[in-house]
Amino acid sequence: MKLDDFTKILSEVDNISQEMYQLMKDLYPLCRSITGNNVRKTHEIIRKHLEIQSYEVPTGTEVYDWVIPKEWNINDAYVIDPTGKKIIDFKKSNLHIVNYSIPVKKKIFLTELKKKLHTLPKQPDSIPYLTSYYSEDWGFCLTHNQFLELIDGEYEIVIDSSLDDGHLTYGEYFIKGKTENEILITCYTCHPSLCNDNLSGVTLVTFLAKYLSKLSLNYSYRFLFIPETIGAIAWLSINEKNTFKIKHGLVATCLGDSGSFTYKKSRRGNAEIDQVVINVLQNSNSKFTLLDFFPSGSDERQFCSPGFNLPVGSLMKTMYGKFDEYHTSADNLEFVNANNLKDSITKYIEIIFVLENNAKFLNLIPKCEPQLSKRGLYDTLGGQKVNDLTKNAIQWILNLSDGENSLLDISNKSGINFNIIVNAANMLIQKNLLQKHI
Ligand code: ZN
């Protein structure tokens, strides 16, 4: 990614973030899960913007210590109270059903029904999001306020779902760069009507891939749209022999809220991706939280499992579990907005620009300082004034380009933004003062 491409794409992020938010609105109504037709439908909607390839892994396939589960689909689910009123309706909110509920059609009394109802007493207006992927069960979720109003008597329960042999569906999009070395960017597509966790990740990955695909890139890029946990495990199992190509990676989640950024480092802790994200966040001059790797969380759990230990971190805004709306109906289209998505995709683009351009160089006149003014690097360059920051960047680059320090190291040591360092390095290359160190 050249500096001009970087500047151009950053000038388009206002429009890109509007497109992201519109895609989020289109995806929001679907009752996604780790398998099923709504994952396929999600892929179809994404394909209006990005030609992702869908892959199907059959039920029963062994993937490391796991087995691909049965495929779950749902048409409808509701509860009718003793007066004949439909009081819980899947069609009004797909969070009302415990995701992966088995089919049920029966009448039960309130005392029995209550054992299958889930609420959030501390957030009485929100419906919780619950799943039961790996034990065959059923249940409904509702607001605690609604729960308190339930009357005694017999209730009719209908869950029109199916749990059959089928497939797990995941999506992939690949951009071939100049090298085979890959950058992996992943999101998960298993959450139903929830926005920050994780339609924000899905929309960010879709449009990041779409706009990067138009550019000339050094790295190859692999974007994954996988159901969380089982999808990452399946993908690693199927693609294990190619994982050595992954040089950097990020899990994209929780990127649409108004909080400050959080970076969870890779298990390695000091991988280049960790250094790059920290550099970008430090140069943004706003507050951020840095977390060492921990073995719970999202799909970095699989990518950073000891058998892989890939350099994969996760850049989020407010981390999962740390905002009240997390895994509730309040994580909706009002909780996220295009402006926050813009902030997030800007950071991802900045990170990719650094990764694309980070390299070590050699000062070709290392004995004492080269005379910059006679090369037009001290006052003017082609009529364009070399500003003080660029002059300063030139001095840092010439001093530290001994084959040991990368441009990222120079940015870190000087405190000068990476893009200014790259611009200055380009000037020095043009004047034959700098050469890439291989
Ligand atoms: Zn989640």
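Residues numbered from 1 in each chain as written. Predicted model: local features only at pLDDT ≥ 70, side-chain atom pairs only at ≥ 80, totals over all residues. Heavy atoms only, no water.

**Details of the overall build of the chain**
Right, on to step 1. Along the chain, the regular secondary structure elements total 13 helices and 21 strands.
Right, on to step 2. Taking the contacts inside the chain whose residues are at least 6 apart along the sequence as the reference set, 81% of them involve residues at least 24 apart.
Right, on to step 3. Within the structure as shown, the chain displays about 19,000 Å² of accessible surface, and the carbon and sulfur contribution to it stands at 47%.
Right, on to step 4. Computed over 47 positive and 51 negative side-chain charges, the separation of the two mean positions in the chain equals 5 Å. (Helix = DSSP H or I, 4+ residues; strand = E, 2+ residues; numbered from the N terminus. Contact = heavy atoms within 4.5 Å. Areas by Shrake-Rupley, 256 points an atom, 1.4 Å probe, with all protein chains shown as cover. Lys, Arg positive; Asp, Glu negative; His and termini not counted. Charge placed at Lys NZ, Arg CZ, Asp CG, Glu CD.)

**Some thoughts on the nonpolar core**
Right, on to step 1. Core analysis: the biggest nonpolar cluster contains 90 residues, and Leu208, Leu212 and Phe223 have the highest contact counts within it.
Right, on to step 2. The residues that make up this core include at least three from each of domain 1 (3–68 + 167–357) and domain 3 (360–436).
Right, on to step 3. Apart from the residues within four sequence positions on either side, Phe223 is in contact with Gly171, Glu172, Tyr173, Ile175, Ile185, Val205, Leu208, Ala209 and Leu212. (Core = buried A, V, L, I, M, F, W, Y, C linked by side-chain atoms within 4.5 Å. Buried < 20%, exposed > 50% of the residue type's maximum accessible area, 1.4 Å probe, protein only. Domains from an automatic or database assignment.)

**Some details on the packing of helix α11 (residues 388–400) against helix α13 (residues 418–430)**
In a packed pair of helices, the relevant descriptors are the angle between the two axes and the axis-to-axis distance.
Right, on to step 1. Between α11 and α13, the least distance of the axes is 9 Å, while the angle of their chain directions is 70°. Taken as axis vectors, α11 and α13 run roughly perpendicular relative to one another. On the side of α11, the interface is formed by Leu389, Thr390, Ala393, Ile394, Ile397 and Leu398, while α13 contributes Ile420, Ile421, Ala424, Ala425, Met427 and Leu428. (Axes fitted to C-alpha atoms, helices over the stretch in contact; angles between N-to-C directions. Parallel < 35°, antiparallel > 145°, perpendicular 65-115°, else oblique.)

**Here we look at α13**
Right, on to step 1. Between the first and last C-alpha of α13 there are 18 Å, a value that for 13 residues agrees with the 18 Å anticipated at 1.5 Å per step.
Right, on to step 2. Those residues of α13 not exposed but buried are Phe418, Ile421, Val422, Ala424, Ala425, Met427 and Leu428.
Right, on to step 3. A positive phi of about 55° marks Asn432, the residue just after α13. (Expected span 1.5 Å × (residues − 1).)

**With respect to the environment of Phe140**
Right, on to step 1. Mapped onto the elements, Phe140 comes out in strand β8 (residues 140–141).
Right, on to step 2. Residues Phe140 and Tyr378 lie 238 residues apart in sequence; the distance between their C-alpha atoms is 70 Å.

**Topic: the domain arrangement of the chain**
Right, on to step 1. When its domains are assigned, the chain resolves into domain 1 (3–68 + 167–357), domain 2 (72–164) and domain 3 (360–436).
Right, on to step 2. Spacing between the C-alpha centres of domain 2 and domain 3 amounts to 64 Å.

**Topic: the pattern of salt bridges**
Right, on to step 1. Taken as a whole and assessed by the stated rule, the structure comprises 16 salt bridges.
Right, on to step 2. Here Asp292 ties to Lys265 by a salt bridge, and the two come within 3.2 Å at their closest N and O atoms. Of this pair, Asp292 sits in the loop between β15 (288–291) and α9 (300–303) while Lys265 is found in the loop between β14 (261–264) and α8 (272–283), placing the two residues 27 residues apart along the sequence.
Right, on to step 3. Ionic pairing is found between Asp343 and Lys317, a salt bridge with its closest N-O pair at 3.4 Å. Separated by 26 residues along the polypeptide, Asp343 in helix α10 (residues 338–357) and Lys317 in the loop between β16 (312–316) and α10 bring together distant segments of the chain.
Right, on to step 4. When salt bridges with common partners are traced through the structure, they connect Arg40, Glu56 and Glu71 into a single cluster. (Salt bridge = Lys/Arg side-chain N within 4 Å of Asp/Glu carboxyl O.)

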